Amino acid sequence: MKKKYTFKTLLVDIVFDFVGCGLYGFALNSFIVPNGFATGGISGIALVVNYLTKLPIGTINFLINIPLVIIAFKILGRTFMLKSVKTLIFLTLAIDYYTQPLPDYVGDPVLAALCAGVLVGAGLGTVFVRGSSTGGADFVTMSVQKLRPHFSIGTLTIAFDYSVLALSGVVFGNINATLYGAVAMYLAGVIMDKIMYGRAKGKLMLVVTTKGEEVANSIFEACERGCSVADIRGGFKGEQRQLVISAVSKNQLYKARRAAHDADEASFTMVTTTEDVFGEGFTDPRDA
């Protein structure tokens, strides 16, 4: 059943948009523009146009996005597009108005690039966790990926961003602008991933054993995590075994691993990192 979009959800989305776009606007107005950094995506194109015409960056960004919204509307769906347009309006207001009075930083360019990357990543991550987007390259790459699922959306985004970054460096006539912009973009991606995925990361433990029920009960007693037990057959000798599967948090891993070994010293345990874990004891899928 599709979750109803309530007024409370709208208010939460607006708060996240205000904060996320504010962080992005702060990075742009206080660190990127004063230090003459280049950047990627549609915002990079907006910076180039601003450099040549002195028109407001937020307004340029919004105008460039209008045809992209029209093109992508049918492909990406009405709900996502409407949420993204709402975010795009907040981004325009943030860049051109409510982050403009904030002071500029024109000190160490390396420090400026690092601060810009952290702020941009935090801003975009704050927007993306609510299922929205700041538009621009996202509309292009997500539309292409939906029409051509075998294309990597990450590869498309990187190719577009760094093409714009290179163009910006040529227009600005400063290689340092490109290099510092690349540092900021890379750090922004790292921070964004941490916000979107790092908070939900857990561990998936797979235990091959002849004592499936005992291992499952031992793990539950040690850290109150449920397990699934499946019958399997060894590929070498063809012997019957059980596979115990349990999702645990990083803090519970040691207890769970020790509990499995205590229940069956001959067991074989594999541990892998999961990007997202939804359900009881982890992230509520309704909040993802």
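For every chain, the first residue of the written sequence is number 1, and numbering continues from 1 onward in sequence order. Reporting of local features is limited, given that this is a predicted model, to residues whose pLDDT is at least 70; pairs of side-chain atoms are given and counted only at 80 or more, and all residues count toward the totals for whole chains, interfaces and linings. As a convention, hydrogens and water are excluded, and side-chain values are obtained from all of the structure's heavy atoms.

Lay out the sheet that holds strand β1 (residues 202–209) in plain terms, naming residues and giving numbers.
Whether two strands pair depends on DSSP finding at least two bridges between them. Helix and strand definitions follow DSSP, with helices as H or I runs of at least four residues and strands as E runs of at least two, each counted in order from the N terminus. Overall, antiparallel pairing links the four strands, which are arranged β2-β3-β1-β4 in an open sheet. The two strands at the open ends of the sheet, each matched to only one other strand, are β2 (228–233) and β4 (268–274). Here the average twist between neighbouring strands, direction ignored, is 25 degrees. Pairing geometry for β1 and strand β3 (residues 240–248), over seven bridges, is antiparallel. What sits directly across from Val208, in β3, is Leu243. Axis lines are fitted to C-alpha atoms, over the contacting stretch for helices. Their N-to-C directions set the angle, which ranges from 0 to 180 degrees.

Go over the nonpolar core with me, naming the residues and quoting the values.
Residues enter a nonpolar core if they are buried and are Ala, Val, Leu, Ile, Met, Phe, Trp, Tyr or Cys, with the set joined through side-chain atoms within 4.5 Å. Exposure classes here rest on a 1.4 Å probe applied to the protein chains alone. A residue is buried below 20% of its type maximum, exposed above 50%, and partly exposed in between. Judged by nonpolar contacts, the single largest core of 32 residues is most densely connected at Ile32 and Val120. Elements with a minimum of two residues in this core: α1 (7–32), α2 (41–53), α3 (57–76), α4 (78–98), α5 (109–128), α7 (153–172) and α8 (175–196). By definition, residues are in contact when any of their heavy atoms lie within 4.5 Å. Each residue touching Ile32, except ones within four places of it in the same chain, is listed here: Ala27, Phe37, Leu47, Ala116 and Val120. In this structure, Val215, Ala256, Ala260 and Ala263 belong to the second largest nonpolar core, which totals 13 residues.

Please provide a residue-by-residue account of the packing of aromatic side chains, values included.
Any two of the Phe, Tyr and Trp rings considered here, Trp counted by its six-membered ring, make a pair once their centres fall within 6.5 Å; the pair's planes then place it as stacked at under 30 degrees, edge-to-face at over 60, or tilted in between. In this structure the tally under the stated criterion is five aromatic pairs. Seen in terms of ring centroids, Phe26 and Phe31 are 5.5 Å apart; in terms of plane orientation they differ by 65 degrees. Their pairing is edge-to-face. Where Phe31 meets Tyr105, the ring centres are 5.8 Å apart and the plane angle is 40 degrees; that geometry is what we call tilted. Of this pair, Phe31 sits in helix α1 while Tyr105 sits in the loop between α4 and α5, and the two are 74 residues apart along the sequence. For Tyr105, a relative accessible area of 27% puts it in the partly exposed group. Directly above the aromatic system of Phe16 lies the positively charged group of Arg130, at a separation of 5.5 Å from the ring centroid. We call a charge positioned above a ring when the Lys NZ or Arg CZ atom is no farther than 6 Å from the ring centre and deviates by at most 35 degrees from the ring normal.

So what's going on with the packing of α1 against α5? Which residues, and what values?
Contact geometry for α1 and α5: axes closest at 8 Å, N-to-C directions at 160 degrees. Classed by the angle they form, the pair α1 and α5 counts as roughly antiparallel. Note that α1 runs across α5; the crossing there is left-handed. Together, Phe16, Asp17, Gly20, Cys21, Leu23, Tyr24, Phe26, Ala27, Phe31 and Ile32 of α1 and Ala112, Cys115, Ala116, Leu119, Val120, Ala122, Gly123, Leu124, Thr126 and Val127 of α5 make up the contact between the two elements. For the contact of α1 with α5, the per-class residue count stands at 16 nonpolar, three polar and one charged. Every angle not falling under 35 degrees, over 145, or within 65 to 115 is termed oblique; those three ranges are roughly parallel, roughly antiparallel and roughly perpendicular. Crossings are sorted by hand: turned counterclockwise from the far helix by less than a right angle, the near helix makes the crossing left-handed, and turned clockwise it makes it right-handed. Gly is placed with the polar residues, together with every amino acid not listed as nonpolar (Ala, Val, Leu, Ile, Met, Phe, Trp, Tyr, Cys and Pro) or charged (Asp, Glu, Lys and Arg).

I'd like to hear about the packing of helix α9 (residues 212–223) against helix α10 (residues 253–263), residue by residue, with values.
The N-to-C vectors of α9 and α10 enclose an angle of 145 degrees; their axes lie 8 Å apart at closest approach. The crossing of α9 and α10 is right-handed. Across from Glu214, Val215, Ser218, Ile219, Ala222 and Cys223 in α9, the residues of α10 making contact are Lys255, Ala256, Ala259, Ala260 and Ala263.

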